[in-house]
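Reading the structure
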Amino acid sequence: MQALNGSELQRNAADPVAAAVATRQLLQLAQRVAASDCTVLLAGESGTGKEVLARFIHRHSPRRSEPFVAVNCAAIPEQMLEAMLFGWERGSFTGAHAAHAGKFEQAQGGTLLLDEVTEMSPLLQAKLLRVLQEHEVERLGALRATPLDVRVIATTNRRLREEVAAGRFREDLYYRINVFPLHLEPLRARTEDVLPLAMRMLVNHGRQGARLPALSADAAQHLLTHGWPGNVRELENVMQRALVLCDGELIEPRHITFEVAPAQPARPANPLPVADSDELAERLMETETRLILEALQRGGSSRTRIAEKLGISPRTLRYKIARMRAAGVNMDSAVGSAA
């Protein structure tokens, strides 16, 4: 396998990478449904690229010149989500000093993405159903409804049929949003996409004007034999770390660091030399410590954001900081800004 570089991936950087047969077929279906106006449901594990596909559909639709508005239903408390989606009139609740258009109205003429729609409460599900049925939205405190011309795309990382059977998701809403379902395969099921995606990410995250490092054959084998439980989002974290660790023109296996071990480790075609276990553990610990300290110093006050950049959970970050303190690492200046 030759060393890979990212120069070829600077074209069509906004389009999803589609090297695997399953991905190409998915994009063909997405292009066909884009030409219509029906509601689309995108299902797949977290990190498989559902929002990227939603933007692809919008970009290839007759609505491409109108707004694309995305709402993460899992990240917003119920009361705030209702107001954010439907908007409000002045005086409709304490602090409503002026009228405000909700996300539905902001997406007028364009596309509204309801990300992780299964996280909505039953009350909000009922209100969403009415909006989809009547093609109109009523702001909180409003006396009349506003007609809507909005294409809705919804996403979920759950098995929606099981959510309906368990009573957690309305069956009538399920049929309303499941007009044209598209399923995104996990990255481990489309390994042909791994290397093109990796190089796309090097292009996206490389320093402007700097020469992009190439990916060595052994480093590529590391990527191909990993299980990718975090899918494309995990791969992006891995490649950002590789750019930080690489100090030359070639990304080597030592620059490829994973948060979790491969689900089903496979033996590389060209076995890599095995370092002494104590030496390897020490080297990995030093690398991890340096990355965490740098992230803490750059990351501002949000531990959650810092953990996302490192590709780990906030709980794991707290554990690693505590372990570093116990090992005698001076954390005061770094942690002070992210306390």
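Quick notes on the rules
Per chain, the residues get numbers from 1 upward, laid out in the order the sequence is written. Local features in this predicted model are restricted to residues of pLDDT 70 or higher, and side-chain atom pairs are both shown and tallied only at a pLDDT of 80 or more, whereas totals for entire chains, interfaces and linings draw on every residue. The side-chain numbers reported here are obtained from all heavy atoms of the structure, hydrogens and water having been left aside. Helix and strand assignments follow DSSP, with helices taken as H or I runs no shorter than four residues and strands as E runs no shorter than two, numbered in order from the N terminus. The buried label applies to any residue whose accessible area, calculated with a 1.4 Å probe on protein chains only, is under 20% of its type's maximum; exposed applies above 50%, and partly exposed to all values in between. We call two residues in contact whenever any of their non-hydrogen atoms come within 4.5 Å of each other. Areas reported as accessible are Shrake-Rupley estimates using a 1.4 Å probe. Residue values count occlusion only from the protein chains shown. Nonpolar cores were defined as sets of buried Ala, Val, Leu, Ile, Met, Phe, Trp, Tyr and Cys residues, with membership established by side-chain atoms within 4.5 Å. The pLDDT score gives, residue by residue, the confidence of the prediction method on a 0 to 100 scale. Definition used for salt bridges: Asp or Glu carboxyl oxygen within 4 Å of a side-chain nitrogen of Lys or Arg. Any two rings among Phe, Tyr and Trp, with Trp reduced to its six-membered ring, count as a pair given centres within 6.5 Å; such a pair is stacked if its planes are under 30 degrees apart, edge-to-face if over 60, and tilted if neither. When DSSP finds two or more bridges between a pair of strands, those strands are recorded as paired. Structural elements are reduced to axes, namely lines fitted to C-alpha atoms, with helices fitted over the stretch in contact, and the angle between N-to-C directions of any two is expressed from 0 to 180 degrees. Angular relationships are summarised with four words: roughly parallel below 35 degrees, roughly antiparallel beyond 145, roughly perpendicular across 65 to 115, and oblique for the angles in between. The handedness criterion is simple: a crossing whose near helix is rotated anticlockwise from the far helix by less than a right angle is left-handed, and one whose near helix is rotated clockwise is right-handed. Expected helix span is computed as 1.5 Å times (number of residues minus one). The arc in question is the one spanned by the directions pointing from the helix axis to the C-beta atoms.

1. Comments concerning the overall build of the protein
Each helix and strand counted, the protein has 14 helices and nine strands in total. Out of the 339 residues belonging to the protein, those deemed buried represent 42%. Within the protein, contacts between residues separated by at least 24 positions form 74% of all contacts whose residues are at least 6 apart in sequence. Total accessible area computed for the protein in this model is approximately 18,300 Å², and 49% of it derives from carbon and sulfur atoms.

2. Some thoughts on the nonpolar core
If you look at the biggest cluster of nonpolar residues, it comprises 30 residues, and the most contacted ones within it are Phe 104 and Ile 177. Among the elements that take part in this core, helix α5 (residues 122–134) stands out by supplying five residues, more than any other. For Ile 177, the contacting residues outside a window of four places in its chain are Thr 39, Val 40, Leu 41, Val 117, Leu 132, Ala 154, Leu 160 and Phe 169. Of all hydrophobic cores here, the second largest spans 22 residues; its members include Val 17, Leu 195, Ala 198 and Leu 235.

3. A short note on the environment of Met 239
Assignment of secondary structure puts Met 239 in helix α10 (residues 231–245). For the pair Met 239 and Met 199, spaced 40 residues apart in sequence, the C-alpha separation works out to 8.4 Å. Ignoring any residue separated from it by four or fewer positions in sequence, one finds Met 239 in contact with Ala 198, Met 201, Leu 202, Leu 215, Leu 223 and Ile 251.

4. A closer look at the confidence of the model for the protein
Close inspection of predicted coordinates is inappropriate for parts of the model with low pLDDT. On average, residues of the protein score 83 in pLDDT, and 80% of them are at 70 or above. In the model, residues 1–12 has pLDDT below 50 throughout and makes 28 contacts with residues more than four positions away in sequence or in other chains. Low confidence marks residues 262–281, where pLDDT is under 50. Its contacts with residues over four positions away, or in another chain, come to 15 contacts.

5. Comments concerning the pattern of salt bridges
Where charged atoms from two side chains of opposite charge approach closely, those side chains can pair. Under the criterion given, the structure shown has 14 salt bridges. In this structure, Arg 55 and Glu 51 form a salt bridge, with 3.0 Å as the shortest nitrogen-oxygen distance. Separated by four residues within a single helix, Arg 55 and Glu 51 lie in helix α2 (residues 50–59), roughly one turn from each other. Glu 51 gets classed as partly exposed once you look at its relative accessible area, which sits at 31%. For the salt bridge of Arg 190 with Asp 193, the shortest nitrogen-to-oxygen distance reads 3.1 Å. Judged on exposure class, the residue Arg 190 and its partner Asp 193 are both buried. Through salt bridges with shared partners, a single network forms among Glu 119, Arg 158, Glu 163 and Arg 168.

6. Section: the packing of aromatic side chains
Evaluation of the coordinates by the stated rule reveals three aromatic pairs. Taken together, a centroid distance of 6.0 Å and an interplanar angle of 5° make the contact between Phe 86 and Phe 104 stacked. Of the two residues, Phe 86 is situated in helix α3 (residues 78–86) and Phe 104 in helix α4 (residues 103–106); the sequence distance between them amounts to 18 residues. Considered together, Phe 86 and Phe 104 belong to a single accessibility category, that of buried residues. Ring geometry for Tyr 174 against Tyr 175: centres 5.1 Å apart, planes inclined by 70°, an arrangement best described as edge-to-face. Taking the relative accessible area as the measure of exposure, Tyr 174 reaches 10% and is therefore buried.

7. A few points about the sheet that holds strand β2 (residues 68–72)
Strand order across the open sheet formed by five strands is β2-β3-β6-β1-β7, with parallel pairing between neighbours. Two strands lie at the open edges of the sheet, namely β2 and β7 (180–183), each paired on one side alone. Geometrically, the sheet is characterised by an average inter-axis angle of 20° between neighbouring strands, direction not taken into account.

8. What about the packing of helix α8 (residues 194–205) against helix α9 (residues 217–224)?
Interhelical geometry of α8 versus α9 gives an angle of 115° and a closest axis separation of 10 Å. Classed by the angle they form, the pair α8 and α9 counts as roughly perpendicular. You can see that α8 and α9 cross each other, and the crossing is right-handed. Residues Val 194, Leu 195 and Ala 198 of α8 form the contact with α9, whose participating residues are Ala 220, Leu 223 and Leu 224.

9. Brief notes about helix α13 (residues 314–326)
Every α-helix winds through 3.6 residues per turn, so residues three or four apart in the chain are directed the same way. Taking 1.5 Å of rise per residue, 13 residues should cover 18 Å, and α13 covers 19 Å from first to last C-alpha, within 8% of that figure. Turning to α13, its buried residues are Leu 317, Lys 320, Ile 321 and Met 324. Each buried residue of α13 sits inside an arc of 100° when the element is viewed along its axis, so together they form one side. Turned more than 90 degrees from where α13 packs its buried face, Arg 315, Tyr 319 and Ala 326 sit exposed. Positive phi appears at Gly 328, one or two residues downstream of α13, with a value of about 95°.

10. Some points on α2
Buried within α2 we find Lys 50, Leu 53, Ala 54, Phe 56, Ile 57 and His 58. As for α2, its buried residues are in contact with α1 (21–34), β1 (40–43), β2, β3 (111–115), β6 (151–156) and β7.

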